Number of protein chains: 4
Amino acid sequence: MSFRSERLRLRVRFGETDAAGIVFYGTFLAWFDAGVSNLIRVPGIPSAQKDGKPTFVLPIVEVGAKFYSPLRVDAEFDLVSTVATIGTTSLRVEHEAFALDGTRVATGFEQRVHCRIVDGDFIKEPLPDVLRAHLSERGESTA
Amino acid sequence: MSFRSERLRLRVRFGETDAAGIVFYGTFLAWFDAGVSNLIRVPGIPSAQKDGKPTFVLPIVEVGAKFYSPLRVDAEFDLVSTVATIGTTSLRVEHEAFALDGTRVATGFEQRVHCRIVDGDFIKEPLPDVLRAHLSERGESTA
Amino acid sequence: MSFRSERLRLRVRFGETDAAGIVFYGTFLAWFDAGVSNLIRVPGIPSAQKDGKPTFVLPIVEVGAKFYSPLRVDAEFDLVSTVATIGTTSLRVEHEAFALDGTRVATGFEQRVHCRIVDGDFIKEPLPDVLRAHLSERGESTA
Amino acid sequence: MSFRSERLRLRVRFGETDAAGIVFYGTFLAWFDAGVSNLIRVPGIPSAQKDGKPTFVLPIVEVGAKFYSPLRVDAEFDLVSTVATIGTTSLRVEHEAFALDGTRVATGFEQRVHCRIVDGDFIKEPLPDVLRAHLSERGESTA
């Protein structure tokens, strides 16, 4: 894989589980998003604007995930998030979650589009050069 | 009680429970907030601005809750949210949640302050007259 | 459509939005799950067991969603959840979310497998007859 | 302070913010709970039972929080969670959140009661000796 990849060590919070005794599946999207936050954090550029809006606005147009093995409360695991495709305006990120013993927990992808928010509307716009360069780097950034 | 009050029928979602088999306690704050949304919804005024910011910005400075009886997944219950105090800039809302058999589930309060967001900062500001008038009415608004 | 379908009127809660001013995408999975809860609620059978576990254990093995139009805080919308396929042990549910003006907000699907929890393990098991019959009915159940 | 205390470095996830551009206040309870998970993690004792239930069942009977300064998406901060009181069956934990520049973000407390779950009911029970001893230690455990 030639693009940026990030490994994030997480621990299952109690509120992220459900009454079946395992992680609620919607929680994975919150984790995927945390992985993307690590990928798009460019040194020297604040992640949020003064009004709280994210600096890089990357709404999701499609998401998919498969679940292989459940996680219990307080379990530690690793989430590996990798830039798979960089288009003119779009970005595809792939995710894999592994238990600490190496068991595959889940995989997933997000298809995102870079936008500028103009008067409340999300207008598709080419990825900024600084973000494109950052996402294209091979190594892991400092999380 | 002389100020506005709202009753909201809710149902426990699976993702709102936790591995102990009951509602995760943090979920109650999301419900309290839904009750407040009903209280501050003024006919003819959109709840959100074009950029997605809420029309009435009412950050919470203090919250408290007591829990009496657990709720299971898919249980229906009622949340009664009542304006308790209306200050110059502040608002106190009290909440009570009841199971359908009348069992008290939880009580709570929120102390909120009306703000304007100026260049990203939250600046305390008197409650708008239209909101003050709405909150002061005795009846229930149409949820 | 030959299987059960449910329409659920929802309203975007403040905590379900994010700093971009729209609904956080992970929230859709919580809503999809609420739709499924309506589908699997069989008259006369409690949704939860005494220990809080769901009566019908249907973990998700795959999920996918596409997002077409953003939702703002306090917006009302409809979620239509439809049983698409009923296998021996598996269930596919398809979801469509519409704004009140008919704008398509999102679509999605969940592939679920019926399980029995044995000593903490999720063991695949044929769908119970009562659930199969319920899911196969054409009409909407009482939400 | 003579009892156990834990410091947890966290980072605000996108899904934890709301349309006002800051952290949704209910998120703090999820963080408080993560702090408690660190406090009650006893070396050599798994945090979850085979059926996914937590090993130490400590439902909350009261919670309170005050909010001083907002957090933006992707901001790092520290949560300090401290055992304040250890009763026969009860536990009081106090929380303080600080931005990395030392600004106080929020404070809070939780009053919890140790329970055994018997046939789905939460029965108050003295804190297990091993947990009491662990909570009474002065130092930080390895998070």
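Above this text sits the structure in question.
To start, this report covers the structure provided alongside it. All figures in this text were calculated on a predicted structure; none of them were measured in a lab.

**Details of the overall build of chain A**
Scanning chain A from N- to C-terminus turns up two helices and seven strands. Its helices and strands in sequence order give chain A the pattern β-α-β-β-β-β-β-β-α, from N to C terminus. Computed over the C-alpha atoms, the radius of gyration of chain A is 16 Å, within 12% of the 15 Å expected from 2.2 N^0.38 for a compact globule of 143 residues. The principal-axis extents of the C-alpha atoms in chain A amount to approximately 45 × 35 × 25 Å. Within chain A, the fraction of its 143 residues that count as buried is 57%. Considering only intrachain contacts with a sequence separation of at least 6, the fraction spanning at least 24 residues in chain A is 65%. Counting every atom, chain A has about 5700 Å² of accessible surface; 52% of that belongs to carbon and sulfur. Each charge class in chain A can be summarised by its mean position, and for the 17 positive and 19 negative side chains these summaries are 2 Å apart.

**Some words on the environment of Arg 13 of chain C**
Structurally, the position occupied by Arg 13 of chain C is in the loop between strand E1 (5-11) and helix H1 (27-39). On a C-alpha basis, the gap between Arg 13 of chain C and Asp 74 of chain C in space is 5.9 Å, while along the polypeptide they are 61 residues apart.

**Here's the deal with the sheet that holds strand E4 (residues 90-99) of chain C**
If you trace the ten strands from one edge of the open sheet to the other, you get E1(A)-E3(A)-E4(A)-E5(A)-E2(A)-E2(C)-E5(C)-E4(C)-E3(C)-E1(C), paired in antiparallel fashion. The open sheet has two free edges, formed respectively by strand E1 (5-11) of chain A together with E1 of chain C, since each of these has just one partner strand. Averaged over all pairs of adjacent strands, the angle between their axes in this sheet comes to 15°, without regard to strand direction. Looking at chain direction, E4 of chain C and strand E5 (residues 104-113) of chain C are connected through nine bridges and run antiparallel.

**Observations regarding the relation of the copies chain C and chain D**
Superposing chain C onto chain D requires a rotation of 180° together with a translation of 0.0 Å along the rotation axis, leaving an RMSD of 0.0 Å. Taken together, these values place the two copies in the relation of a two-fold axis. Identified as the residue of chain C closest to the rotation axis by C-alpha distance is Asp 18 of chain C, at 2.0 Å. A symmetric contact is evident, with 100% of the interface residues of chain C recurring at the interface of chain D.

**Focus: the side chain of Ser 5 of chain B**
Mapping Ser 5 of chain B onto the fold places it in strand E1 (residues 5-11). Looking at Ser 5 of chain B, its side chain comes within polar contact range of the main-chain oxygen of Ser 81 of chain B, at 3.5 Å.

**Topic: the pattern of salt bridges**
Taken as a whole, this structure holds 53 salt bridges over all chains when the rule is applied. A salt bridge links Arg 11 of chain B to Asp 74 of chain B; its shortest N-O distance comes to 3.5 Å. A residue pair is termed long-range when its members are at least 10 positions apart, and Arg 11 of chain B in strand E1 and Asp 74 of chain B in the loop between strand E2 (60-67) and strand E3 (76-86) qualify at 63 residues. Note that Arg 116 of chain C and Glu 125 of chain C form a salt bridge whose closest N and O atoms lie 2.3 Å from each other. Residue Arg 116 of chain C is classed as partly exposed on the basis of its relative accessible area, which comes to 46%.

**Brief notes about the interface of chain C and chain D**
At the junction of the two partners, chain C supplies 14 residues and chain D supplies 14 residues. For the pair chain C and chain D, the summed buried area comes to about 1300 Å², and 58% of that belongs to carbon and sulfur atoms. Taken as a group, Phe 14, Ala 19 and Lys 50 of chain C account for 37% of the area that chain C buries against chain D, more than any other trio of residues on that side. Run the count over chain C and chain D and you get four salt bridges.

**Brief notes about the sheet that holds strand E5 (residues 104-113) of chain B**
In space, the ten strands of this open sheet follow the order E1(B)-E3(B)-E4(B)-E5(B)-E2(B)-E2(D)-E5(D)-E4(D)-E3(D)-E1(D), with antiparallel pairing throughout. The open sheet has two edge strands, E1 of chain B together with strand E1 (5-11) of chain D, and neither has a second partner. Averaged over neighbouring strand pairs, the angle between their axes works out to 15° when direction is ignored. Strand direction decides the pairing type here: E1 of chain D and strand E3 (residues 76-86) of chain D, joined by seven bridges, are antiparallel. When the sheet's bridge partners are listed, Arg 7 of chain D is paired in E3 of chain D with Val 80 of chain D.

**A few points about the relation of the copies chain A and chain C**
Overlaying chain A on chain C yields an RMSD of 0.0 Å, the required transformation being a rotation through 180° with an accompanying axial translation of 0.0 Å. A shared binding surface is used by both copies, with 100% of the interface residues of chain A retained as interface residues in chain C.

**Topic: the packing of aromatic side chains**
A full pass over the atoms with the stated rule returns 24 aromatic pairs over all chains. Ring centres of Phe 24 of chain B and Tyr 25 of chain B lie 5.3 Å apart, and the angle between their planes is 80°; on these two criteria the pair is classed as edge-to-face. Side by side, Phe 24 of chain B and Tyr 25 of chain B carry an identical accessibility label, which is buried. Taking 6.3 Å as the distance between ring centres and 70° as the angle between the ring planes, the aromatic pair formed by Phe 14 of chain C and Phe 24 of chain D counts as edge-to-face. A residue pair is termed interchain when its members come from two chains, as with Phe 14 of chain C in the loop between E1 and H1 and Phe 24 of chain D in the loop between E1 and helix H1 (27-39). Overall, Phe 24 of chain D belongs to the buried group, its relative accessible area being 6%. For the cation-ring pair, Arg 92 of chain A lies above Phe 109 of chain A, with the distance from its terminal atom to the ring centre recorded as 4.2 Å. Taking NZ or CZ as reference, Arg 112 of chain B lies 6.0 Å from the ring centre of Tyr 25 of chain D, over its face.

**Quick notes on the interface of chain A and chain C**
A common way to state how big an interface is: give the accessible area lost once the parts meet. Each partner contributes residues to the interface: chain A has 29 residues there, and chain C has 29 residues. Taken together, the two surfaces of chain A and chain C that pack against each other cover about 2200 Å², and 63% of this comes from carbon and sulfur. Applying the counting criterion to the chain A and chain C interface returns zero salt bridges. Counting the contacts that link chain A with chain C gives twelve residue pairs in polar contact (both at pLDDT 80 or more). Tallying contributions element by element places strand E2 (residues 60-67) of chain A first for the side of chain A that touches chain C, with eight residues. Across the side of chain A that touches chain C, the residue classes tally to 17 nonpolar, five polar and seven charged. Summarising the sheet, E2 of chain A and strand E2 (residues 60-67) of chain C pair through five bridges and their orientation is antiparallel. The partner of Glu 62 of chain A across the bridge, within E2 of chain C, is Lys 66 of chain C.

Cut-offs applied
Residues numbered from 1 in each chain as written. Chains lettered and ligands numbered in written order. Predicted model: local features only at pLDDT ≥ 70, side-chain atom pairs only at ≥ 80, totals over all residues. Heavy atoms only, no water. Helix = DSSP H or I, 4+ residues; strand = E, 2+ residues; numbered from the N terminus. Rg over C-alpha atoms; globule rule 2.2 N^0.38 Å. Buried < 20%, exposed > 50% of the residue type's maximum accessible area, 1.4 Å probe, protein only. Contact = heavy atoms within 4.5 Å. Areas by Shrake-Rupley, 256 points an atom, 1.4 Å probe, with all protein chains shown as cover. Lys, Arg positive; Asp, Glu negative; His and termini not counted. Charge placed at Lys NZ, Arg CZ, Asp CG, Glu CD. Pairing = 2+ DSSP bridges. Axes fitted to C-alpha atoms, helices over the stretch in contact; angles between N-to-C directions. Least-squares fit on C-alpha atoms with pLDDT ≥ 70 in both. Polar contact = N/O pair within 3.5 Å; in protein donor to acceptor, adjacent residues only side chain to side chain. Salt bridge = Lys/Arg side-chain N within 4 Å of Asp/Glu carboxyl O. Buried area = accessible area lost by both parts, 1.4 Å probe. Phe/Tyr/Trp six-rings, centres within 6.5 Å; stacked < 30°, edge-to-face > 60°. Lys NZ or Arg CZ within 6 Å of the ring centre and 35° of its normal. Nonpolar A, V, L, I, M, F, W, Y, C, P; charged D, E, K, R; others polar.

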